[in-house]
2 protein chains.
Amino acid sequence: MTDRLIYLPLGGAGEIGMNAYVYGYGPADNERLIVVDLGVTFPDMDTTPGVDLIMPDISWLVERKARIDGIFITHAHEDHVGAIGMFWERLGAPVYARAFTANIARRKLEEHGHPAKVVTTVQTWPDQVTAGPFKVGFLPVSHSIPESAGLVIDSPVGRLVHTGDFKIDVTPVLGDPFDRALWESVSKDGVKALICDSTNVFSPLPGRSELTIGPEIEQLMRDATGMVVATTFASNIARLKTLAMAAQKAGRSVCLLGRAMRRMVEAAVEVGILTDFPPTVSPEDAQRVPRENLMLLVTGSQGERRAASAQLAQGPYLGLKLKEGDTFLFSSKTIPGNERGVIKIMNQLSEMGVDVIDDNTGRYHVSGHANRPDLETMHDIVKPQILIPMHGEHRHLREHVKIGASKGIAGVVAVNGMMIDLSGNRPKVVDYIETGRTYLDGSVEIGSMDGIVRDRIRMALNGHVVVTLIIDENDEPLGDPWCEIMGLPETGKSRAPLVDVLEEDLSQFLNRADDKTLRDEDKLNKELSKIVKQVSQTEIGKKPEVTVVVSRLS
Amino acid sequence: MTDRLIYLPLGGAGEIGMNAYVYGYGPADNERLIVVDLGVTFPDMDTTPGVDLIMPDISWLVERKARIDGIFITHAHEDHVGAIGMFWERLGAPVYARAFTANIARRKLEEHGHPAKVVTTVQTWPDQVTAGPFKVGFLPVSHSIPESAGLVIDSPVGRLVHTGDFKIDVTPVLGDPFDRALWESVSKDGVKALICDSTNVFSPLPGRSELTIGPEIEQLMRDATGMVVATTFASNIARLKTLAMAAQKAGRSVCLLGRAMRRMVEAAVEVGILTDFPPTVSPEDAQRVPRENLMLLVTGSQGERRAASAQLAQGPYLGLKLKEGDTFLFSSKTIPGNERGVIKIMNQLSEMGVDVIDDNTGRYHVSGHANRPDLETMHDIVKPQILIPMHGEHRHLREHVKIGASKGIAGVVAVNGMMIDLSGNRPKVVDYIETGRTYLDGSVEIGSMDGIVRDRIRMALNGHVVVTLIIDENDEPLGDPWCEIMGLPETGKSRAPLVDVLEEDLSQFLNRADDKTLRDEDKLNKELSKIVKQVSQTEIGKKPEVTVVVSRLS
């Protein structure tokens, strides 16, 4: 049997979030495997109420644990590294990452009781890690977190370039500028396939550099008369630096609020990439700093309910309180789906008299992803035989394939679960793997198709009626059925309590019911549910979820 | 006691949606009242799962029913007219509106069994309606629905101008162009207060005319090779006309899909404002039209789950099926909070191979609201003594007041429930009315603070455990307690079924419980709930909602 080179996304392809990509080489169905990234995505009330985190379903990988030669993490964003703590034990392979990413990955492993030493800190290209049939090199690349890397994956049948998340920024304030010569050098002998970030494929203008926003932010810090609060992703260390330096220049002390903020700065200092960050003051000391000499750098740019920005919008937080004349800067973009939470905070701040400045104008934020012209630059640099878009919803992947096609590059829209054979000159779909989402729900992992979350959504939409009934030793109802309602109005059309109307109709049914029905658990359950739904529909115009509990004294 | 002139927003101020404004004149607490607009707002899963519609709480008005002299509807958008059917009977006053708005209002009244004749169709300014101490005139104004009106409200102490929703568009394709001379003429003798739309106060550039997008849309219709589907708000008759005319010019037949789409076109034809709409074909006939000669004009621009756009994104709908090479145009802006639904449809369309074009570029949609420079134009035209921003979230109202203040116009951020005395030279807050939101939930109206929706949200986040227990005549448990779970994982940490672990621990508690506890309904309930929460926290890391049903055989 001939060996083949495969690509299989388990997460991140057909969505933005929970990245998990697999590469394999070897005989069909017996390839040696490497994993690139193990990320999470975040729940929302519409589709995943009560869920804590969403992760890719890695059953396919777990069943092939013995064949995994390494796990490579491109950078430390949650959607790339967030699941490493939860999943590592089940995959059991060594983890490779650059220093900053390794620092974050080790913290996550330790939180789950795994040894930090399973993570190896790698040097960048031209160093390479040998993992089974692959040699993997880390190419520094600019993104919105330090030490991001693209991967050069050498297989026996050719070189692959996996961009990871990237932008083309030659002045990124902190960390690696985009090094065109380096990317050209790894590409010059031919690249079989470019597996490429697609997030900003619909942004038509070239991306702007992190450096461009510094002066604007400085000006804002100087012009502000009261306290300034700034929020951004805590992992955007370059932005934290830009904000903190601007504060310093404007004569403002910097105070960090929020666990993630302190943790990220700590990690960046530990690995030595953040060296000239201004000294910070504690929240306690900040209370004594005049407002016009203070900047708070806080978590919660996406409106997260418990983050520092939401806390400050509700009242005093750690002794600090916003008021009329203060300025709140969202140095961030609101991720689609988070608008309501962010807008709520903006209005709460407005009620306090705080001036809110957001990314409306683009002066205080730049994206970490390559826009369309920058993606084309990457295509031109790498000149791949095959283009596989990743890190995008279906519409992003499709658009990206079209761009490649317009330049004669063979491509395919490969979504989660599609196994692509890259051995030939064109990508070939060779298998569909059953994949999906795993929810961390409290402390339990549940599948997205288990029906648990579906039941919760139904209770949220329809309310819940509980019917209890006692059946005696002679299979006769003992007393009347009893109803409890949750999430439903207490009275409806007839102006009598809904539970009374329900109990009355259920009693009538039971009085008429024959022995056979009363003995048949399923039938009785079904009939009682039906009555509850019918009566509720008439009374309150809704069909609730129904739980029937029949207690038999036999 | 001296008479006073008051303004009281009950909805629409401090939010975008469910507009309801009250004006009054007379002795304090005995003013004669008029109502401007009675709108609804739409629920979302985050805050109002299962709710059908959200309306302002009009208790304050209902208690003063005898003092209401008229209800004036500025235009036929749901957030201005949507609650008229539900609320009219409780207010009982005559309703005034221009023909198109009156047509829609009558349909809503009839749906609720009220006579259509309570709505009087008014002529525009200089005609005036006398309503108690007020004379009210309708000023035509450009917006994104036909026959929008600002109101000139003459009171014994001066003139008020209530803009309604508006934009400054002198070439609106259909309906009334903005007539600067007219607005100047009503303002020339002095305006006491301008009550002004604030929706787009953060949009820095002058608004564009509806006319500008016609050529762009025509070009798109011509360039498209397959079927074109276009969606926009059904009430935006000018846009429907632009889209339909562009289709016609590109040799495409027009087919309307969606109830609201047909209904709005019908109303516009009935009142004579839509005269040269191209002939349409039925969905059945459309099946026989070559794709390149067809345009579907469909509902669902906001990703509504049951609208035509969502249906088409899922598969065949009324015999029509999209495929590779077709084009789907969102001639609309996604309202914040609706992103997830819209993006879902875009990706479903992408999976079918359909090219999706949205408002990314601004070429295919213009807003119906005045941007910041246009608001300033309105201030300059009306030259009011007082500026009261409305139709905006707190941040919009606050920004709008600031703009006024920068030009020396007295203003106030008046949110729902704040009663403003406009008698003097400056606005004065004289009362805070208890107000809020009423939910239409199925067929029942419930208050937003009733706890019903809160219980649903809790069940969605935490799941629901039902405990049933029988206590015999001697106050002893009869058999073991029984647990049912809904929306929770079946097994947790101990790998045994969660219900078994719960029942075991509840049984142990009951075995130890003294007679007093077993006889005390409240205490028993509390203790059992506590155990369920504790055990669940240990087993599955979640504290569910708990309903305890104790059946006593006594």
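Rules used throughout
Residues numbered from 1 in each chain as written. Chains lettered and ligands numbered in written order. Predicted model: local features only at pLDDT ≥ 70, side-chain atom pairs only at ≥ 80, totals over all residues. Heavy atoms only, no water. Helix = DSSP H or I, 4+ residues; strand = E, 2+ residues; numbered from the N terminus. Buried < 20%, exposed > 50% of the residue type's maximum accessible area, 1.4 Å probe, protein only. Contact = heavy atoms within 4.5 Å. Areas by Shrake-Rupley, 256 points an atom, 1.4 Å probe, with all protein chains shown as cover. Lys, Arg positive; Asp, Glu negative; His and termini not counted. Charge placed at Lys NZ, Arg CZ, Asp CG, Glu CD. Patch = residues over 30% accessible without salt bridge, like charges linked within 9 Å, V, L, I, M, F, W, Y side chains within 5 Å. Salt bridge = Lys/Arg side-chain N within 4 Å of Asp/Glu carboxyl O. Buried area = accessible area lost by both parts, 1.4 Å probe. Least-squares fit on C-alpha atoms with pLDDT ≥ 70 in both. Pairing = 2+ DSSP bridges. Axes fitted to C-alpha atoms, helices over the stretch in contact; angles between N-to-C directions. Disulfide = S-S within 2.5 Å. Phe/Tyr/Trp six-rings, centres within 6.5 Å; stacked < 30°, edge-to-face > 60°.

A. Seen up close, the overall build of chain A. Scanning chain A from terminus to terminus reveals 17 helices and 28 strands. Expressed as a percentage of its 554 residues, the buried residues of chain A come to 59%. Taking the contacts inside chain A whose residues are at least 6 apart along the sequence as the reference set, 70% of them involve residues at least 24 apart. Roughly 21500 Å² of accessible area belongs to chain A as shown, and the carbon and sulfur atoms make up 48% of that amount. Averaging the locations of the 60 positively and 75 negatively charged side chains of chain A gives two centres separated by 4 Å.

B. Up close: a negative patch on the surface. Residue and element names in this part refer to chain B. Among the surface-exposed residues, Asp-480, Asp-500, Glu-504 and Asp-505 lie close enough to one another that they form a single negatively charged patch. Its location among the elements puts Glu-504 in helix H15 (residues 498-512). Residue classification places Glu-504 among the partly exposed positions, given a relative accessible area of 45%.

C. Just the interface of chain B and chain A, in detail. Every contact between the two is made by 61 residues of chain B and, on the other side, 61 residues of chain A. In total, about 5400 Å² of surface goes out of reach between chain B and chain A, with carbon and sulfur atoms giving 60% of it. Considering only the side of chain B, the residues that lose the most area to chain A are Met45(B), Arg340(B) and Met486(B), jointly responsible for 13% of the buried surface there. The tally of links from chain B across to chain A stands at 12 salt bridges.

D. Examining the environment of Val430(B) more closely. Residue and element names in this part refer to chain B. With respect to the helices and strands, Val-430 occurs in strand E21 (residues 428-432). Along the chain, Val-430 and Asp-450 lie 20 residues apart, while their C-alpha atoms are 28 Å from each other. Not counting residues up to four positions away in its chain, the partners in contact with Val-430 are Arg-4, Met-419, Ile-420 and Asp-421.

E. Broad picture of the relation of the copies chain B and chain A. In the superposition of chain B on chain A (RMSD 0.1 Å, axial shift 0.0 Å), the rotation amounts to 180°. Here the transformation between the copies is reduced to the relation of a two-fold axis. For chain B, the residue whose C-alpha comes nearest the rotation axis is Ala460(B), separated from it by 2.7 Å. A shared interface surface links the copies, since 100% of the contact residues of chain B are contact residues in chain A too.

F. Representation of the sheet that holds strand E25 (residues 482-486) of chain B. All names here are of chain B. The strand order across the open sheet formed by three strands is E25-E24-E26, and the pairing between neighbours is mixed. Each end of this open sheet is capped by a strand with a single partner; those strands are E25 and strand E26 (545-552). The average angle at which neighbouring strand axes cross in this sheet is 15°, direction not considered. Across five bridges, strand E24 (residues 464-471) lies against E25 in antiparallel orientation. Within the sheet, the bridge partner assigned to Thr-468 lies in E25 and is Trp-482.

G. Here's a closer look at the state of the cysteines. This model, assessed by the stated rule, comprises zero disulfides over all chains. In this structure Cys483(B) is not part of a disulfide, and its nearest cysteine sulfur, from Cys483(A), lies 19 Å away.

H. Fine view of the sheet that holds strand E3 (residues 32-36) of chain B. Residue and element names in this part refer to chain B. With mixed pairing, the eight strands of this open sheet are ordered in space as E7-E6-E5-E3-E2-E1-E20-E21. Bordering the open sheet on either side are strand E7 (119-121) and E21, each of which pairs with just one other strand. Taken pair by pair, the neighbouring strands of this sheet meet at an average axis angle of 25°, ignoring direction. Helix H4 (residues 99-111) rests against strand E6 (95-97) and E7 of the sheet, and its axis sits at about 165° to E7.

I. Focus on the environment of Pro177(A). All names here are of chain A. Mapped onto the secondary structure, Pro-177 falls in the loop between strand E12 (158-162) and helix H5 (180-187). Counting along the chain gives 45 residues from Pro-177 to Gly-132, while the straight-line C-alpha distance between them is 31 Å. Leave out the neighbours within four places in its chain, and Pro-177 touches Asp-169, Val-170 and Pro-172.

J. Highlighting the packing of aromatic side chains. Residues and elements named next belong to chain A. If you walk through the whole model with that rule in mind, you get 12 aromatic pairs over all chains. With 5.0 Å between their ring centres and 20° between their planes, Phe-72 and Tyr-96 make a pair best called stacked. In this pair, Phe-72 sits in strand E6 (residues 68-72) while Tyr-96 sits in strand E7 (residues 95-97), placing the two residues 24 residues apart along the sequence. Take Tyr-96: its relative accessible area is 12%, and that puts it in the buried class. Taken together through their ring pairs, the aromatic side chains of Tyr-7, Tyr-21 and Tyr-23 make up a single cluster.

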